[in-house]
Amino acid sequence: SRKGNSKNRSARDAADEAERLDGACPHVANPQPPNILEGMRPSEVVALIEQRITEQNRLLRRLRKEQPDRKDDLRGIRVDTHVMIGSVFSFPDPVGDMDQADYLRWRRDVIVFAKADAAQNGAEVLSIVEHLDEAHPHVHVLAVPICADGNMRMDAKRCHEGHREQDRHKDHGWSGSPSRSYKRAMRGWQDRYHAEVGAKHGQARTGPRRRRLDRAAWKAEQERLKAQKEAEVATE
């Protein structure tokens, strides 16, 4: 959100860290400017969000006057409404040891996945940046909700599969904690990422300890993933 709270940073905080602005990334020993892979600089995303919110609130005020029976649905966008979705995709090999060709293939597939995922969930990717100043290379993707009839208030939670399922759980009065529906939806999201990106690059979905795999089974899976990766590269 624009305001942030004790649990979540503000959109500007997240954007400043992605852009490596002074004081925004104390966890990085030697911050370096990010590589802009697609779109605008993260700080420009925040400025565009402010502009869109101003325009949308103006529209919502007009619609409330024209449609007083929909006053609740047409409330203005508050400062604590979540209006940006930030994703971070990390490559498993350290910067100093990674194979450059492998990394670039992975990075390309991450970008394709992130843009398709945002579109599928009613959001628009505005900025994709790369960081090479930490132990592992990683990519930040910043997206914003698309203003539409189903999301007039630019609510980013409506563009997030976990939050949507959690809200559906509450609305239907299902038994159990709504967080179960959230976790199930996000496991599905991670499964999709693994199928479309991770597995193609020899990356396992989860580690051996969580699945209680013995050494032989884990080694067999690593060989299978390696063969899948080699097949993908050979096809290209």
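To be clear, the structure that these remarks concern was listed above.
Basis of the calculations
- Throughout this description, residue numbers start from 1 for each chain and increase along the sequence as written.
- Local features are withheld for residues below a pLDDT of 70 in this predicted model, meaning they are given only at 70 or higher, and side-chain atom pairs are given and counted only at 80 or more; totals for whole chains, interfaces and linings count all residues.
- Only hydrogens and water are removed before side-chain values are computed, so all heavy atoms of the structure are retained for them.
- Each nonpolar core is a collection of buried residues, namely Ala, Val, Leu, Ile, Met, Phe, Trp, Tyr and Cys, held together in the definition by side-chain atoms within 4.5 Å.
- Using a 1.4 Å probe on the protein chains alone, a residue whose accessible area is under 20% of its type maximum counts as buried, one over 50% counts as exposed, and one in between counts as partly exposed.
- In this text, helices come from DSSP runs of H or I with a minimum length of four residues, and strands from runs of E with a minimum of two, each type numbered from the N-terminal end.
- Contacts are residue-level and defined by heavy atoms, with any inter-residue pair within 4.5 Å sufficient.
- Every case where a carboxyl oxygen of Asp or Glu lies within 4 Å of a side-chain nitrogen of Lys or Arg is listed as a salt bridge.

1. As for the nonpolar core
With 18 residues, the main nonpolar core has Val45, Ile49, Ile53, Ile77 and Met84 as its most contacted residues. For this core, the element with the highest residue contribution is helix 2 (residues 42-66), accounting for 7 residues. Not counting residues up to four positions away in its chain, the partners in contact with isoleucine 77 are Arg2, Ile53, Gln56, Asn57, Leu60, Val83, Met152, Arg153 and Met154. Judged by nonpolar contacts, the second largest core, of 16 residues, contains Phe89, Ile111, Ala114 and Val141.

2. Digging into the pattern of salt bridges
Under the criterion given, the structure shown has 17 salt bridges. A salt bridge links glutamate 161 to arginine 192; the shortest N-O distance between them is 2.8 Å. Highlighted residues: glutamate 161 in helix 4 (residues 161-172) and arginine 192 in helix 5 (residues 178-196), separated in sequence by 31 residues. Judged by relative accessible area, glutamate 161 falls into the buried class, the value being 14%. Several salt bridges converge on common partners, so that one network encompasses Glu19, Arg41 and Glu44.

Spatial relationships are all this shows, so hold off on functional conclusions.
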